[in-house]
Amino acid sequence: MATMEDIAKKLNISKSTVSKGFSGAADVSETMRKSILEAAVELGYNRTMRRGDAPRFVVFIENMVYESPEDFGYDIILGFRKMAEPDGNEVVIEPLSDMLEKQFDYDTYMLEHNYAGAMFLGMTLSDPWLRQLKHSRTPAVLYDNYVKVNPTTAYIGVDNFEAMRLSVSYLKKLGHRKIGYLSGALGSYINQQRYSAFFQALRTYQMPDSPSLAGNSYYFSECLQTHFPRLLQQGVTAILCSHDLLAHTLMIHAQERGLVVPRDLSIIGFDDLPLCAHTYPPMTTIRQEREEIGRSAYYALRSLMGGIPISTLLLHAKLMTRQSTGPAPDILPAARLHLPIEEAST
């Protein structure tokens, strides 16, 4: 492991200057401090281990609400803290922004703040740090994002392929023969995963698997106004959604158009947010055990710190069956809405 002497030698400065640079002393310039941090990262220096402190962990979060018990990220962070803090570790929550990622290198930022490892929630494929994590040295666990090759990163989440198989199998047993899929935009790893998992599940159960049976958009309005009618015209009698909020919006929209859920159309969400048990009707959905995801994240992070190169840690999916799904209807929902039905779908 690199030492402060190694950093001092590389920069041709004194060890005391290196120490002052780490502590943010006023008599060390910002330029010199930045050079010290960059050299430390390059040499693989670890401040936490050198100081003998218990590790400090940071949860970086964006695109996800987490402050109240009803919020999706709340239980994930709670599960992480329930594992980390009894071990004597400090857990810091930091919002992640594009400005922060462009201003600081990931490894340098982690070293500067004396963070031993990170959990990332809500990252997108366009995040600058996601690209840096391909070759970073500081352990990181990513929820619903995957970084190839790097042995200091791990992916945690639910098994989306298992989740889609459970959903499609259940609907097939209810007599549904054509199932559609609505999703948020495919600009995130997890939306891409669930999209692929849906079609794999259709093929597994020998169901129609035309790409036209799916629609995706960043905007709910496009899913409802454009993709939803198109799915119905193909003879779809059940629709899976990439997350609960989209499924709930679809339920309301379908009912406003005169369809009865589940008599005319079955709908399944994903996540099992607290609202799902209180929608009308209560929503069938895939449950993510969010507190267990947080606990698993801590386990994976400590494993990475111990040199165990965990790549992927997936929890089993669980289908929560409620009243938004039922037997396939005798009359296609498109016919009830007087929509033209494609001949190939009848």
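Going by the annotation in an unreviewed UniProt entry, the name recorded for the protein chain is LacI family DNA-binding transcriptional regulator, with Candidatus Avoscillospira stercorigallinarum given as the source organism.

Caption draft 1: Geometry of the packing of helix α9 (residues 160-173) against helix α10 (residues 189-204). Direction vectors running N to C along α9 and α10 enclose 45°, while the axes themselves pass 8 Å from each other. Regarding the angle of α9 to α10, the classification is oblique. In this structure, α9 meets α10 at a crossing whose hand is right-handed. In contact with Asn160, Phe161, Met164, Arg165 and Val168 of α9, α10 contributes Ile190, Gln193, Arg194, Ser196, Ala197, Phe198, Gln200, Ala201 and Leu202. Grouping the amino acids of the contact of α9 with α10 by side-chain chemistry returns eight nonpolar, four polar and two charged.

Caption draft 2: Quick look at the state of the cysteines. All chains considered together, the criterion is met by zero disulfides. Residue Cys223 stays outside any disulfide, its sulfur separated by 8.0 Å from that of Cys241, the closest cysteine. Unpaired in terms of disulfides, Cys276 finds its nearest cysteine sulfur in Cys241, a separation of 11 Å. With a relative accessible area of 0%, Cys276 lands in the buried category.

Caption draft 3: Expanded view of the side chain of Ser324. In this structure, Ser324 sits in the loop between β12 (318-320) and α14 (333-336). Separated by 2.8 Å, the side chain of Ser324 and the backbone nitrogen of Thr284 make a polar contact. Each residue touching Ser324, except ones within four places of it in the same chain, is listed here: Met251, Val261, Pro262, Leu265, Ser266, Ile267, Pro281, Pro282, Met283 and Thr284.

Caption draft 4: How the structure looks around the pattern of salt bridges. Under the counting rule described, the total for this entry stands at 14 salt bridges. Across the pair Arg194 and Asp271 runs a salt bridge, and its minimum N-O distance is 3.9 Å. Highlighted residues: Arg194 in helix α10 and Asp271 in strand β9 (residues 266-271), separated in sequence by 77 residues. Taking relative accessible area as the criterion, Arg194 reaches 4% and is therefore assigned buried. The residue Arg287 makes a salt bridge to Glu289 at a minimum N-O spacing of 3.0 Å. Via salt bridges that share partners, Lys82, Glu291, Glu292 and Arg295 belong to a single interconnected network.

Caption draft 5: Expanded view of the sheet that holds strand β11 (residues 312-315). A sheet is described by the order of its strands in space; here six strands give the open sequence β2-β1-β3-β4-β5-β11, paired in parallel fashion. Each edge of the open sheet is held by one strand with a lone partner, namely β2 (90-95) and β11. In this sheet, adjacent strand axes meet at a mean angle of 20° when their direction is disregarded.

Reading guide: rules and limits
Residues numbered from 1 in each chain as written. Predicted model: local features only at pLDDT ≥ 70, side-chain atom pairs only at ≥ 80, totals over all residues. Heavy atoms only, no water. Axes fitted to C-alpha atoms, helices over the stretch in contact; angles between N-to-C directions. Helix = DSSP H or I, 4+ residues; strand = E, 2+ residues; numbered from the N terminus. Parallel < 35°, antiparallel > 145°, perpendicular 65-115°, else oblique. Left-handed = near helix turned anticlockwise from the far one by under 90°. Contact = heavy atoms within 4.5 Å. Nonpolar A, V, L, I, M, F, W, Y, C, P; charged D, E, K, R; others polar. Disulfide = S-S within 2.5 Å. Buried < 20%, exposed > 50% of the residue type's maximum accessible area, 1.4 Å probe, protein only. Polar contact = N/O pair within 3.5 Å; in protein donor to acceptor, adjacent residues only side chain to side chain. Salt bridge = Lys/Arg side-chain N within 4 Å of Asp/Glu carboxyl O. Pairing = 2+ DSSP bridges.

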